[in-house]
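# Close look at the chain arrangement
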Amino acid sequence: MAVAETTRRQRLSEFWSDFAQSRVAVVALAVILVLLFLAFACEWVAPQDPYDLRNLDWLDAFLPPGTVGSGGYVHVLGTDNVGRDMLSAVLYGLRTSFIIGLSAGALALTAGIAVGLTAAYFGGRLEAVLMRVVDLQLSMPAILMALVLVALLGSGVGQIVLALVVAQYAYFARTTHGAATVERRKDYIEAARSTPLPTYRVLFRHLLPNVMPPLIVVATVQVAAAIALEATLSFLGVGLPLTEPSLGSLISNGFRYIHTDRTWLSLYPGFALMITVVAINLVGDQVRTVLDPRQGL
Amino acid sequence: MIAFILQRLMQSVLVVFAMSVIVFVGVYAIGNPIDVLIDPGATQSIRDALIERYGLDQPLWRQYFTFVTNVAQGDLGRSMVYNVPVTSLIFSRLPATLELVFVAMFLATALGVPLGIWAGYKPDSFSSKAIMALSILGFSVPTFWIGMLLIMGFAVNLGWLPSGGRGLVAEFLGFRTSLTSAEGWSHVLLPAINLSLFKMGLMIRLTRAGMVEAMRADYVKFARAQGLSEREVVFGHVLRNISIPIVTVFGLELGSTLAFAVVTESVFNWPGVGKLIIDSILQLDRPVMVSYLVMVVILFVLINLVVDIVYARLDPRVRLKGEE
Amino acid sequence: MSAAIEVAGLTTQFETRAGIVTAVNDVSFSVGRGRILGLVGESGSGKSVTGFSILGLVDPPGRVSGGQVLVAGTDLRGLTPEAMRKMRGKAVSMVFQDPMMTLNPVLRVGDQMARAVRAHDRVSTRAAWDRARAALEVVGIPAAAERLHAYPHQLSGGMRQRVAIAIAILHQPAVLIADEPTTALDVSIQGQILAEVRRLADDTGTAIVWITHDLAVVSSLADDICVMYAGRIVERGPAEAVIARPLHPYTRGLMDSVPARHEPGKPLPQIPGSTPSLLNLPSGCPFRNRCPRASDLCTTDPPEVGTATHSARCHHPLGDA
């Protein structure tokens, strides 16, 4: 037990020292942590609750960044067309984006592992059918899948997450299946199968740990993709309504004013989105480099 | 080779059939278009008349059967919103989208592949790392946001290019295109750049990965041992090998770019099929949705088929397997 | 007799995260025109890196850090990259172990060969193909004209290796480095190729450095033998002398583990232990941890013993105990 603990810690510290080789990735990781903190502490950090219509005053509409509004405090990032404090809106929006991205990522990961492992472990016709469906889904762009699904399910956080999961699980399923098929051929799985261990034990104790590294990489990228996808759907008007601000719906709202000089309505939520997504991808990229130096894509 | 194509063709037909059922059932599970189309205060008899006219009272399998028979005759139904045949609606919008996709894919390949070759040839150089960082930006930053930045920068602030819409359209070799005039190009440039960035990022990474892998191969070392120059090694030997995955992905991405144009067309108000599908989703225009999706599926299947054949042409190993 | 190639003090190092590894350590040898030198060692002994070092094709993080490679009076190490490129294939050529990997899978044999011809000579494509066909005939490929239109995967392993050799000798190089070219092949085909190579050396005067782990192969093929261990040459001499009276216990161990030389029915002797990691070599003789004759003396650098033609680096050479 103690031995297992030290090797695990050793592996982690080794992983970290490899990861820290890229200074960009370390900065990106720090940015993500700060953004996560700000997003989930938004109720205390933000000067205003942008959901609460009682806080909004029409007289505060379109205040440029740095103006003091009727609330008596400085609107650092200005206000939008209904007098909502942009900083607060961005922080709350960031929280929505993170919640959607993380839960969609986690659920898609779970669903993908389930499908991929089932296919790889049982093989035969089940494998053929499952992976055929997965391949078909992969050949369609996720945005199209999500668009149709949201149209089908209606808008709302739950519906969007479900649409994202259906659109994205295939990436995890393909990765799990690919890695598991390679592992399956190895002797230790054969050995584990020939003992009277129950199937789920072979799957979870033996197969899963070995397919984890590529899945971690896919997961980071897919969380970023989910956040971007949700923002895109909201921007297209089929995602979240402005009463429940996500970064996408905020940008969509600001888009109406980009021909005026009121660009702060779209610029700030846009940059928040961009920084978040890029930071996650940079971290994912470095994780990939560390876990699998041969694979450059 | 013929047996190979026939086998692929059979698979493709099966896939199209399966997908059309899924799409049909999926789309028809969405809400009731009658509620959207007509005034809630309309009388029951008007509602019934409309329901009958669109065949909405029939059982689902029957509606599907009608749909397939009509499609087989080239009839995709009428749009509930525009009240014109869906076929003519989609075909009137298709040239604009194709034109946009063509320019975007050209940009993505013409810039992405050379950049990827360089980044894979000298993976440790500063310029390569800069290229890779840019490629991460290219495919992680959401397209609509880059589109907005492009509009703010080049259209609103600098005023160099128009912020949206399509330029003058002229007939050229039987196609209606806006690419024959400078004014047309000024309109297509920003949306095409916008649409190409994601694909460019992908092309860069794909080419680079192939390059890095191939440069390690023994045949590269052997070619160098024969005294071939670096230029000959890269262009004569390596490029031939990595062209196979590049062509494959190019083909596959062509399809997804068509579908992805949805976003760019919305941002730049480009009158293409993508904008049409968004509008039809928002307005529950079922015939347009179903037709578009079925067309996209057919397109994807066709592209997959063509890619398979081209792949077989390029890679002698696959070709021979098909002939045996 | 002037040597076709003279290697002196060649040293190649790899900078790894764990430290500097000296894969080739002060290696010297020379091969005369039309002679064949067998460079023998286990995997990891540095014999392949020696070959790449001669051609200046060591991949980073590796670097040739010292020594001379004289071919026809020119020190290859002093050349500019472009001048070095012009020497490759023309003055010094090389064939590799795995013929599946050395030929480009997507180019026709004739196309690859023509490219190699035109790397040095500005001739028409047609003339290049003609020369390619002639080269295939030289290495004993039947129906050479047809083979030119084949893709590598359509040829057998032995055929592919002949093609690789044909490519390597297109420009009649002074030196051919052969890095285990028969290891991946059937024994019968191996024999044919060895015969072709011997004939090649005799007919064209090309000097050949034959890198292998298989003493049995070089004993019948090579004129001289150098035995490498942990990046250094531990024994050198004429092939018959080295085989008949090995001086170094390591050479002896290698010979004992060749099945053909062994009495049937008895267990095959093996050298105990395995090649040491180049990162932490023992001080003195690198072989001492595996050597049956080792003594305290072996912690110091072994001396050169033997005659001018047949020598070894050992404190306790065989035959003098």
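Residues numbered from 1 in each chain as written. Chains lettered and ligands numbered in written order. Predicted model: local features only at pLDDT ≥ 70, side-chain atom pairs only at ≥ 80, totals over all residues. Heavy atoms only, no water.

All names here are of chain C. Following the criterion strictly, the structure yields 21 salt bridges over all chains and no others. For the salt bridge of Arg 290 with Glu 42, the shortest nitrogen-to-oxygen distance reads 3.3 Å. Taken together, the residues Arg 290 in the loop between α11 (249-256) and β11 (304-306) and Glu 42 in the loop between β3 (36-40) and α1 (47-55) connect sequence positions 248 residues apart. Exposure remark for Arg 290: the relative accessible area of 7% places this residue in the buried category. Salt-bridge contacts for Glu 196 lead to Arg 162; the nearest nitrogen and oxygen are separated by 3.6 Å. Residue Glu 196 is found in helix α8 (residues 187-204), and its partner Arg 162 is found in helix α7 (residues 157-168); the two are separated by 34 residues along the sequence. What emerges from the salt-bridge pattern is a single network uniting Arg 162, Glu 196, Arg 199 and Asp 203. (Salt bridge = Lys/Arg side-chain N within 4 Å of Asp/Glu carboxyl O. Helix = DSSP H or I, 4+ residues; strand = E, 2+ residues; numbered from the N terminus. Buried < 20%, exposed > 50% of the residue type's maximum accessible area, 1.4 Å probe, protein only.)

Further remarks concern the packing of helix α4 (residues 86-122) of chain A against helix α7 (residues 157-184) of chain A. Residues and elements named next belong to chain A. Where α4 contacts α7, the two axes come as close as 5 Å, and the packing angle between them is 40°. By the angle class used here, α4 and α7 are oblique. In this structure, α4 crosses over α7, and the sense of that crossing is right-handed. In the contact of α4 with α7, the residues fall into 21 nonpolar, eight polar and one charged. (Axes fitted to C-alpha atoms, helices over the stretch in contact; angles between N-to-C directions. Parallel < 35°, antiparallel > 145°, perpendicular 65-115°, else oblique. Left-handed = near helix turned anticlockwise from the far one by under 90°. Nonpolar A, V, L, I, M, F, W, Y, C, P; charged D, E, K, R; others polar.)

In this section: the sheet that holds strand β2 (residues 19-32) of chain C. Residue and element names in this part refer to chain C. If you walk across this open sheet you meet the four strands as β2-β1-β4-β5, and the pairing is antiparallel. Looking at the sheet topology across the chains shown, the edges are occupied by β2 and β5 (74-75). Here strand β1 (residues 3-16) pairs with β2 via 10 bridges, running antiparallel. Bridge pairing links Thr 12 to Val 24 in β2. (Pairing = 2+ DSSP bridges.)

Each side of the interface is counted separately: chain B has 42 residues, and chain A has 37 residues. Taken together, the connections running from chain B to chain A amount to one salt bridge. Residue Arg 205 of chain B is joined to Asp 285 of chain A by a salt bridge in which the shortest nitrogen-to-oxygen separation is 3.0 Å. Scanning the region where chain B abuts chain A turns up one residue pair in polar contact (both at pLDDT 80 or more). For the side of chain B that touches chain A, the elements supplying multiple residues, two or more each, are α1 (2-28), α6 (126-140), α7 (143-157), α8 (182-215), α10 (230-268), α11 (273-282) and α12 (286-314) of chain B. Partitioning the side of chain B that touches chain A into residue classes produces 31 nonpolar, seven polar and four charged. (Contact = heavy atoms within 4.5 Å. Polar contact = N/O pair within 3.5 Å; in protein donor to acceptor, adjacent residues only side chain to side chain.)

There is a patch of nonpolar side chains on the surface, built from Phe 37, Trp 44 and Val 45 of chain A and spanning about 400 Å² of accessible area. Mapped onto the elements of the fold, Trp 44 of chain A is located in helix α3 (residues 42-45). (Patch = residues over 30% accessible without salt bridge, like charges linked within 9 Å, V, L, I, M, F, W, Y side chains within 5 Å. Areas by Shrake-Rupley, 256 points an atom, 1.4 Å probe, with all protein chains shown as cover.)

For the rest of this paragraph, the subject is the packing of helix α5 (residues 86-121) of chain B against α11 of chain B. Residue and element names in this part refer to chain B. At a minimum axis separation of 7 Å, α5 and α11 run at an interaxial angle of 135°. By the angle between their axes, α5 is oblique relative to α11. Here α5 contributes Leu 89, Ile 90, Arg 93, Leu 94 and Thr 97 to the contact with α11, which in turn contributes Val 273, Gly 274, Lys 275 and Leu 276. Taken together, the residues of the contact of α5 with α11 sort by class into five nonpolar, two polar and two charged.

Here we take up unusual backbone geometry. All names here are of chain C. Residue Pro 61 is reached from Pro 60 by a cis peptide bond, and omega for that bond is 5°. One non-glycine residue, Asp 26, lies in the positive phi region at around 55°. With respect to the helices, strands and loops of the structure, Asp 26 is situated in strand β2. What makes Asp 26 partly exposed here is its relative accessible area of 39%. Notably, Gln 172 is not glycine yet its phi reads approximately 45°, a positive angle. Along the chain, Gln 172 falls in the loop between α7 and β7 (175-179).

So, about the sheet that holds β3 of chain C. All names here are of chain C. Strand order in the open sheet formed by eight strands is β6-β7-β8-β3-β9-β10-β12-β11, with mixed pairing between adjacent strands. The open sheet is flanked by β6 (92-95) and β11, the only strands paired with a single partner. Averaged over all pairs of adjacent strands, the angle between their axes in this sheet comes to 20°, without regard to strand direction. Alignment of β7 against strand β8 (residues 207-212), held across five bridges, turns out to be parallel. Within the sheet, the bridge partner assigned to Leu 176 lies in β8 and is Ile 208. Lying over the sheet, α8 contacts β3, β7 and β8, oriented at roughly 150° with respect to β8.

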